[in-house]
Amino acid sequence: MKNIFFKNKKISLKRGATLIELLLYISLSGILLLAVCLFFYLSLNARIKSESMRAVKREGSHAVEVITSLVRASQYIGSPSVGSSEEAIKLKMVDEFHSFNVTIFVEDGVLYVDTDEGRTALTSSHTTVGKVSFTNLSPFDDKGSVQITFLLSAASDSTRNEYEYSQTFYATATQRK
């Protein structure tokens, strides 16, 4: 600090900031930067978790819709037999021109529908299917009824918690006959 005398008056000139003021500014700037970075990190994690949940729910709902519509339109439930459960279901479909077989099963974590015309995946590589159960609830000499249960999980190579999400889907479908 430098003192200047001007007509018998002492004027004090302050040049720059003191060390304490600089440390205070740097500390406040660091805290503010940390808060902004934490906000973006948490936002990114929430977005990833939301995308995982959305993929599981979308694919699970689609799979349930397709399976139940196939069971409703089927003419005959080949397997599982009445009162039993299996990891695959075989249906006999009949339309105006011909009859064909439909099999729904899981292979390598993907749910497939296999017909005489080819195989179609109901789920993608973004999800993994597990704990599949088709239970034939049909009473004898009546319309066939099947309970469908499967676990669908978000598939990821990462071990981060944001990518982990699973949901069990349940449905029951009865043939229209």
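Above this text is the structure in question.
Conventions adopted
- Residues numbered from 1 in each chain as written.
- Predicted model: local features only at pLDDT ≥ 70, side-chain atom pairs only at ≥ 80, totals over all residues.
- Heavy atoms only, no water.
- Helix = DSSP H or I, 4+ residues; strand = E, 2+ residues; numbered from the N terminus.
- Buried < 20%, exposed > 50% of the residue type's maximum accessible area, 1.4 Å probe, protein only.
- Pairing = 2+ DSSP bridges.
- Axes fitted to C-alpha atoms, helices over the stretch in contact; angles between N-to-C directions.
- Patch = residues over 30% accessible without salt bridge, like charges linked within 9 Å, V, L, I, M, F, W, Y side chains within 5 Å.
- Areas by Shrake-Rupley, 256 points an atom, 1.4 Å probe, with all protein chains shown as cover.
- Salt bridge = Lys/Arg side-chain N within 4 Å of Asp/Glu carboxyl O.
- Lys, Arg positive; Asp, Glu negative; His and termini not counted.
- Charge placed at Lys NZ, Arg CZ, Asp CG, Glu CD.
- Core = buried A, V, L, I, M, F, W, Y, C linked by side-chain atoms within 4.5 Å.
- Contact = heavy atoms within 4.5 Å.
- Phe/Tyr/Trp six-rings, centres within 6.5 Å; stacked < 30°, edge-to-face > 60°.

Student: Describe the overall build of the protein chain, naming the residues involved and giving the relevant values.
Tutor: For the protein chain, the count of helices and strands is one helix and 11 strands. Along the chain direction, N to C, the helices and strands of the protein chain fall in the order β-β-α-β-β-β-β-β-β-β-β-β. Burial analysis of the protein chain (177 residues in total) assigns 31% to the buried set.

Student: Residue-level account of the sheet that holds strand β3 (residues 76-79), with values.
Tutor: Strand order in this open sheet of five strands is β3-β5-β6-β7-β8, and the pairing throughout is antiparallel. The open sheet has two edge strands with one neighbour each: β3 and β8 (118-121). Ignoring strand direction, the axes of neighbouring strands in this sheet form an average angle of 25°. Pairing analysis gives four bridges linking strand β7 (residues 110-115) to β8, with the strands arranged antiparallel. In the strand pairing of β8, V113 is matched with T120.

Student: Could you give me a rundown of the pairing of β7, with the residues and numbers involved?
Tutor: Sheet topology note: the strand β6 (residues 99-107)/β7 ladder contains six bridges and is antiparallel. Following the sheet pairing, F105 is matched in β7 by Y112. What sits between the antiparallel neighbours β6 and β7 is a turn of two residues, in which D108 has the positive phi angle 55°.

Student: Which residues make up the pairing of β6, and what values do they have?
Tutor: Inspection of the sheet shows strand β5 (residues 89-94) paired to β6 by six bridges, in the antiparallel sense. Paired with K90 across the bridge in β6 is T103. Connecting β5 to the antiparallel partner β6 that follows it, the hairpin turn spans four residues.

Student: Mind laying out a negative patch on the surface, listing which residues take part and the relevant values?
Tutor: Residues D95, E96, D116 and E117 make up a contiguous surface patch of negative charge. Mapped onto the elements of the fold, E117 is located in the loop between β7 and β8.

Student: Lay out a nonpolar patch on the surface in plain terms, naming residues and giving numbers.
Tutor: A cluster of nonpolar residues, L32, V36, F39 and F40, forms a patch on the protein surface that exposes about 430 Å² of accessible area. Tracing the sequence through the fold places F39 in helix α1 (residues 19-73). Using a relative accessible area of 53% as the deciding quantity, one classes F39 as exposed.

Student: Tell me about the nonpolar core, residues and numbers included.
Tutor: Here is a general trend for soluble globular proteins: nonpolar side chains tend to be buried in one another's company. Counting 28 residues, the largest nonpolar core has I67, L70, I89, L91, I104, F134 and F150 as its most contacted members. Residue assignment for this core shows that the elements contributing at least two residues are α1, β5, β6, β7, β9 (127-136), β10 (145-154) and β11 (166-174). The leading source of residues in this core is α1, at seven residues. Apart from residues no more than four positions distant in its own chain, I104 is found in contact with I67, L70, E87, A88, I89, L111, Y112, V113 and F134.

Student: So what's going on with the sheet that holds β9? Which residues, and what values?
Tutor: As summarised here, the arrangement of the four strands in space is β4-β9-β10-β11, forming an open sheet in which the pairing is antiparallel. The outermost strands of the open sheet, each flanked by one partner alone, are β4 (85-86) and β11.

Student: Please set out the packing of aromatic side chains residue by residue, giving values where relevant.
Tutor: For the structure on display, the rule yields three aromatic pairs. For the ring pair F150 and F169, a centre distance of 5.4 Å and an interplane angle of 20° mean the geometry is stacked. Here F169 lies in strand β11 and F150 lies in strand β10, a separation of 19 residues in the sequence. Assessed through its relative accessible area of 1%, F150 is described here as buried. For F169, a relative accessible area of 9% puts it in the buried group.

Student: Outline the pattern of salt bridges, supporting the account with residue identities and numerical values.
Tutor: Within the structure shown, the criterion is met by two salt bridges. Across the pair E107 and R119 runs a salt bridge, and its minimum N-O distance is 3.2 Å. Note that E107 is positioned in strand β6 and R119 in strand β8, a separation of 12 residues in sequence. What makes R119 partly exposed here is its relative accessible area of 44%.

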